[in-house]
Number of protein chains: 2
Amino acid sequence: MPEKATTAECLCIGDELLIGQTVNTNAAWMGEQLSLIGIRPVLTRVVGDNPERIREALSTATADVVLITGGLGPTKDDITKHVLSDFFGMKLVHHPAVEAHITALFTRMGRDPREVKQADLAQAMLPADCTVLPNELGTASGMWFDRAGRVFVSMPGVPYEMEGLMTASVLPKLKERFRPANILHRTIKTTGMGETQLAQRIADWETGLALDDVALAYLPSPGLVKLRLSTYAGLDPEEARERIDRQAAALYKLVPELIYGEGRLRLEEAIGLLLKERGYTLALAESCTGGYLSHLVTSVPGSSAYYIGGVVSYANAVKMVELGIPSDMLELNGAVSKPVVERMAEGVRQALRSDWAVATTGVAGPEGGTPEKPVGTVWLAVAGPDGVTSSVGVFMGTRPLVIRRSAIAALNMLRKRLLKAQKAVPQL
Amino acid sequence: MPEKATTAECLCIGDELLIGQTVNTNAAWMGEQLSLIGIRPVLTRVVGDNPERIREALSTATADVVLITGGLGPTKDDITKHVLSDFFGMKLVHHPAVEAHITALFTRMGRDPREVKQADLAQAMLPADCTVLPNELGTASGMWFDRAGRVFVSMPGVPYEMEGLMTASVLPKLKERFRPANILHRTIKTTGMGETQLAQRIADWETGLALDDVALAYLPSPGLVKLRLSTYAGLDPEEARERIDRQAAALYKLVPELIYGEGRLRLEEAIGLLLKERGYTLALAESCTGGYLSHLVTSVPGSSAYYIGGVVSYANAVKMVELGIPSDMLELNGAVSKPVVERMAEGVRQALRSDWAVATTGVAGPEGGTPEKPVGTVWLAVAGPDGVTSSVGVFMGTRPLVIRRSAIAALNMLRKRLLKAQKAVPQL
C-alpha cells in the first residue's frame, strides 16, 4: 500500500473492553472493512468510560479518519456524545427526525409509544453541527464530524448496530470523501482441506502471483479457508481486474473441488442456491450437531423454499421412534456408526418426504470418548435420489469446534453430492 | 475508582490486528487478569509492525505498567526487541541461558538440535540490561524493564505463550512490585427486560451504590443484560466483599425474576442445572428458530442427560405429521398462532415422552411479514406436567437477531416455569 494512503484509527470506548469482559471484535471488523476500501488502519485505542481519556484520545488523533465506537447507550455511563459535543464546541440539540425514528422503533416492537421513556427520548439530543447517520437497528444514531480535513465518526458499540451503520452509510461516505487509491480484492472460499495442506498444494501458483503484483492472504476459520487476492498497486482499474481474474481462474483450475463460492457467500447459502436451482427439498437428522446444522440451513433467508425440517435425535429412543432405526442396529453398532448414520439419513428422508437428507452422529465431547471412538469422531451421511453415502472423520478441538467442523463437513458432503447429481442428470 | 490505583496499558503490535485478520483476544485476557489482581487497565493501543509507531507508543505511555505483546518472532517483520533496546539505550547481547533453552526446546519437540536455524538462535540476542522472563512454550523470551518507576514488559503475541508468561512470572512480579489495592467484581446476569427499562427499575438502587463505593456497569447483548458490580476502593478484602455482597443481595430483592445466574454461567447452562436437579427431561419443537434453540441447549456439555431431542418443523407438513397438528387448525389460525404453538409443545412432549417441551413459531424475516403478523412476531409455548402456557412477542432486528432473541425468550419462559414447578412441589 502506498505511503500516501488515507489513514484511519479506531477509538473504542468502554470499561468492559479494558477489563476483558468483552473482546474487541469491533476493531477487527472495522480494520478489515477499511482495508477493503483502501484506507489504511494505523492505530487502535481502547479507553474506558472516562471523559478525560476520551478527550485526550480525540485531541491526539492524527489519522485522516477516526472511527469511534461505544458509549452511546441511554444509561449514565454512556458519555461519548457529551464529550464529542464539548470537544467540537457544540451544544446538544433536539433532532425531531431521530425522535420520530425512536418512537417508530418502539411501535414496531409492539410497545405503546407512550411507554417510550425519557432516557430513550434523550437519544434524540445530538450535537448541533454534525451529520446524523440513521441507525435502523437501535436508538443510538451515528454522528459524522468533518473538521479541518479529518473525519470523526461516532457509532454505537453494539456490533450489529455498528456494522449496520458502517455498511449503510459510513463506508460509502468515506469512499466518497477520500476517494482512496484503487484497490481490488477477490475472496475465494474453500472447504475440505486445512490451511497447511492447501498452501502446499497451491505453492507454485502462489509464487507466480508476484509477477502480477497480486497479494495473497490466507484467512482460516474452523472448517474453512478463505483466500483473498488483492492488488494494491496504483494500476488502472481494468488492468487490475484483469490480473486478479487471471490468477483466480488459475486457482479454480488447481482446486476446483474445494471452492464453494466467493465474497460473502456462505457455504449454507451456496447449498441453498444448488437446491433451489433444481427445485430440490432437504431434511436433516442430527445427533451430535444437536440442531446446529439445521440452524445454519435456516439462517439463510428464504430457506423455507427448500428446507422441510429435521429431527434432533439426541436420545436413542428418538432415533428409533422418529427415524425408524431398529434397536438391534443401535445395540450391535452403537449410535456412532456407519449403519446408524445411513439409516438416520434414509429415515428422515422417508419420514419428511424430502429429495435429500443429511445425518450426523458422533462424540462432540468433552465426555463420552472411547479408545475406538475418541472425542471428535463423527459419522456423516447424505441420502438422495441416487442412494446413500457416508463418511467418518475425527474433528479436532473443543465441543463447539467439533460441532462446527462436523456441520461444515456435512454441508460440504451434501454440496458435492448435489454437484454430482447436477452433472448426471441434465437440467431441463 | 480512586485515582491512586496502579494503572496499566497494553500495547499490542502486529499488522494482522489492525487489518482485522486476527481479533485481539490478548488485550481482553490481559485486562481481565490485571483487574483481578487490582491493577487498573486504562488504555489499550494496537500499532502495526512499524518502528516509529512502536517508539511513539512507548514514549507516550503514562501508566505504571506497560504490557507489550507481539513482534518477537524470528522473522524480519518482528522488530519489537530492536525498538525496545534502542528506546532504552541498550545493546542486544547474547544470553547463553536462552540459547540453551532454545536448543532444549527443539530436542523436546523431537527435532535434531542441528536443525536449529540461525533465525532461532538469534532469539538468544536480547537487550543487555533487562530481566529475561523464561518462555517455557516457545523461543521468544519475555523482557522486563523497570525504568523511572514504570515497568515495561514485552511478551510474544501467540496467546498461549503470552498467557504462560503472564501466569508464571509477570502477574506474580507485578503483585510484588506494586502491591495493588484490593479490587473485586461480581457480575449478575439478567434476561427478560431491556437495558433502558431495567435501568429505570433499579435507578434508586444504582444511586445508592455510591455510598458503598461500588461501581456499576451495564453490559447488554441481544436478549440479555449483565450488571457488573466493582469495588475499586483501597478497602481491606473482607470489607470490600461485604459491600459488594450487600449490594448484590439488594439487587436480587429488586428484580428476582430477571436474574438467571452470575459470572460465566450462560442461560442455557442455568436451565440445564434446573432440569438436572429434578431429573427432568426436555424436548423441543422449533419452527422459526430453525434448530437454534436446540443448538443452544446442546452446546452445554452433558446436556444429553436431560435433552431427549427435538423436531424442526419448517414445513407445515412436518407440523402435521411429526407433531400431530390438525390441518384445519393450521388453516384456521395460520402457523404463527397461539393454538398451533401450544399444540406443537404438547405434540413434541407426547411424541418424545419428555417432562417438558418448548415450542416456537414465528416470522423470522426478512420476508413473510403481514400487517397483523409483522416480521419479528413469534409465538412461544412451554408444555410441562402442569399444563401448557404460551406468549407472543415482536422481536427486533435482522433475521439472526429475531432468531436469537426469540430463543432467549423461550429459554427464559422455560426457566420461569421450572422455578414455579420447583416451588409448587417440594423437592424430595
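Residues numbered from 1 in each chain as written. Chains lettered and ligands numbered in written order. Predicted model: local features only at pLDDT ≥ 70, side-chain atom pairs only at ≥ 80, totals over all residues.

**Brief notes about the overall build of chain A**
Alright, step 1. For chain A, the helix and strand inventory stands at 16 helices and 17 strands.
Alright, step 2. Projected onto its principal axes, the C-alpha positions of chain A cover 80 × 60 × 50 Å.
Alright, step 3. Sorting the 428 residues of chain A into buried and exposed places 46% on the buried side.
Alright, step 4. Of all intrachain contacts in chain A linking residues separated by at least 6 positions in sequence, the fraction that spans at least 24 positions is 67%. (Helix = DSSP H or I, 4+ residues; strand = E, 2+ residues; numbered from the N terminus. Buried ≥ 20, exposed ≤ 12 C-beta atoms within 10 Å, placed from the backbone. Contact = placed C-beta atoms within 7 Å.)

**Quick look at unusual backbone geometry**
Residue and element names in this part refer to chain A.
Alright, step 1. Of the consecutive residues Gly365 and Pro366, the connecting peptide bond is found in the cis state with omega at 0°.
Alright, step 2. Among the secondary structure elements, Pro366 is positioned in the loop between β15 (356-362) and β16 (377-384).
Alright, step 3. The phi angle at Ala148 is positive, at roughly 50°, despite the residue not being glycine.
Alright, step 4. Following the sequence through the fold, Ala148 ends up in the loop between β7 (142-147) and β8 (150-155).
Alright, step 5. Look at Asp213: it is not a glycine, yet its phi comes out positive at around 55°.
Alright, step 6. Note that Asp213 resides in the loop between α9 (203-208) and β10 (214-221).

**Quick look at the nonpolar core**
Alright, step 1. Core analysis: the biggest nonpolar cluster contains 115 residues, and Ala345(A), Val348(A), Ala345(B) and Val348(B) have the highest contact counts within it.
Alright, step 2. Here Ala345(A) is in contact with Ala285(A), Ala357(A), Val358(A), Ala359(A), Ala381(A), Val382(A), Ala383(A) and Val388(A), once residues within four sequence places are set aside.
Alright, step 3. In this structure, Met143(A), Met155(A), Leu165(A) and Val151(B) belong to the second largest nonpolar core, which totals 84 residues. (Core = buried A, V, L, I, M, F, W, Y, C linked by C-beta atoms within 7 Å.)

**Quick notes on the pairing of strand β2 (residues 40-47) of chain B**
Alright, step 1. The buried fraction of β2(B) amounts to eight of the eight residues, a majority that puts the element mostly inside the structure.
Alright, step 2. In the sheet, strand β2 (residues 40-47) of chain A pairs with β2(B) via five bridges, with the strands oriented antiparallel. Note on β2(B): the bridge partner recorded for Arg45(A) is Arg45(B).
Alright, step 3. Bridging between strand β1 (residues 7-13) of chain B and β2(B) involves seven bridges; their strand directions are parallel. For Cys12(B), the partnering residue across the bridge sits in β2(B) and is Val46(B). (Pairing = 2+ DSSP bridges.)

**Looking at the sheet that holds strand β12 (residues 259-262) of chain A**
Residues and elements named next belong to chain A.
Alright, step 1. Spatial ordering of the open sheet is given by β10-β11-β9-β12, a layout of four strands whose pairing is antiparallel. Edge positions in the sheet fall to β10 and β12, since each has one partner strand and no second. Neighbouring strand axes in the sheet, compared pairwise and without regard to direction, differ in orientation by 25° on average.
Alright, step 2. Relative to strand β11 (residues 224-231), strand β9 (residues 184-191) runs antiparallel, the two sharing eight bridges. Across the sheet, residue Lys189 finds its bridge partner in β11, namely Lys226. (Axes fitted to C-alpha atoms, helices over the stretch in contact; angles between N-to-C directions.)

**Some points on the pairing of strand β14 (residues 307-313) of chain A**
Alright, step 1. Burial analysis of β14(A) places seven of its seven residues in the buried class, which makes it a mostly covered element.
Alright, step 2. Across five bridges, the pairing between strand β13 (residues 282-286) of chain A and β14(A) is parallel. The residue bridging Glu286(A) from the neighbouring strand is Val312(A), located in β14(A).
Alright, step 3. Between the parallel pair β13(A) and β14(A), the chain is carried across by helix α12 (residues 292-298) of chain A, and the sense of this crossover is right-handed.
Alright, step 4. Taken together, the five bridges between β14(A) and strand β14 (residues 307-313) of chain B define a ladder with antiparallel strand orientation. Considered in β14(B), the bridge of Ser313(A) is made with Gly309(B). (Right-handed = clockwise from strand over helix to strand, strands pointing away.)

**Topic: the environment of Gly393(B)**
Residue and element names in this part refer to chain B.
Alright, step 1. Among the structural elements, Gly393 can be located in strand β17 (residues 387-394).
Alright, step 2. When the C-alpha atoms of Gly393 and Gly48 are compared, they prove to be 47 Å apart, with 345 residues separating the residues in sequence.
Alright, step 3. In contact with Gly393, not counting residues within four places along its chain, are Val378, Ser406 and Ala409.

**What to know about the interface of chain B and chain A**
Alright, step 1. Facing the 61 residues of chain B at the interface are 63 residues of chain A.
Alright, step 2. Residue assignment for the side of chain B that touches chain A shows that the elements contributing at least two residues are α2 (25-36), β2, α8 (195-201), β10 (214-221), α12 (292-298), β14, α13 (316-323) and α16 (399-424) of chain B.

**Here we look at helix α13 (residues 316-323) of chain A**
Residues and elements named next belong to chain A.
Alright, step 1. Among the residues of α13, Val318, Lys319, Glu322 and Leu323 are the ones counted as buried. Projected onto a plane normal to the axis of α13, the buried residues spread over an arc of 105° and lie on a single side.
Alright, step 2. Phi turns positive, to about 65°, at Gly324, one or two residues after α13. (Arc of directions from axis to C-beta.)

**Describing the sheet that holds strand β16 (residues 377-384) of chain B**
Alright, step 1. One open sheet accounts for ten strands, arranged β17(A)-β16(A)-β15(A)-β13(A)-β14(A)-β14(B)-β13(B)-β15(B)-β16(B)-β17(B); its pairing is mixed. With partners counted over all chains shown, the strands left at the sheet margins are β17 (387-394) of chain A together with β17 of chain B, one partner each. Taken pair by pair, the neighbouring strands of this sheet meet at an average axis angle of 10°, ignoring direction.
Alright, step 2. Where β16(B) meets β17(B), eight bridges bridge the pair, whose relative direction is antiparallel. Note on β17(B): the bridge partner recorded for Thr377(B) is Val394(B).
Alright, step 3. Against the sheet, helix α16 (residues 399-424) of chain A contacts β15, β16 and β17 of chain A, and its axis sits at roughly 25° relative to β16(A).

**A word on the domain arrangement of chain A**
Alright, step 1. Split by domain assignment, chain A resolves into domain 1 (7-178), domain 2 (184-262) and domain 3 (267-424).
Alright, step 2. For domain 1 of chain A versus domain 2 of chain A, the distance between C-alpha centres works out to 35 Å. (Domains from an automatic or database assignment.)

**A short note on the packing of α13(A) against helix α15 (residues 338-352) of chain A**
Residue and element names in this part refer to chain A.
Alright, step 1. Where α13 contacts α15, the axes come no closer than 9 Å and their chain directions differ by 45°. One element, α13, and the other, α15, form an angle in the oblique class. Every residue of α15 that contacts α13 at Lys319, Glu322 and Leu323 is listed here: Arg343, Met344, Gly347, Val348 and Ala351.
Alright, step 2. Counted by class, the contact of α13 with α15 contains four nonpolar, one polar and three charged residues. (Parallel < 35°, antiparallel > 145°, perpendicular 65-115°, else oblique. Nonpolar A, V, L, I, M, F, W, Y, C, P; charged D, E, K, R; others polar.)

**With respect to the environment of Trp205(B)**
Alright, step 1. By the secondary structure assignment, Trp205(B) is in helix α9 (residues 203-208).
Alright, step 2. Other than its neighbours up to four places away in sequence, Trp205(B) contacts Ala250(B), Leu251(B) and Leu254(B).

**Re the packing of helix α3 (residues 51-59) of chain A against helix α4 (residues 80-87) of chain A**
Relative placement of two packed helices is described by the angle separating their axes and the distance separating the axes.
All names here are of chain A.
Alright, step 1. Packing of α3 against α4 brings their axes to within 10 Å, and their N-to-C directions diverge by 50°. Taken together, α3 and α4 sit at an angle that is classed as oblique. Note on packing geometry: the crossing formed by α3 with α4 is right-handed. Here α3 contributes Pro51, Ile54, Arg55 and Leu58 to the contact with α4, which in turn contributes Thr80, Val83 and Phe87. (Left-handed = near helix turned anticlockwise from the far one by under 90°.)

**Section: the environment of Thr44(A)**
Alright, step 1. Tracing the chain through its elements places Thr44(A) in strand β2.
Alright, step 2. Owing to 26 C-beta atoms within 10 Å, Thr44(A) belongs among the buried residues under this scheme.
Alright, step 3. It is 9.0 Å that separates the C-alpha atoms of Thr44(A) and Gly31(A), two residues lying 13 residues apart in sequence.
Alright, step 4. Setting aside residues up to four positions removed in sequence, Thr44(A) forms contacts with Glu9(A), Cys10(A), Cys12(A), Ala27(A), Leu18(B), Arg45(B) and Val46(B).

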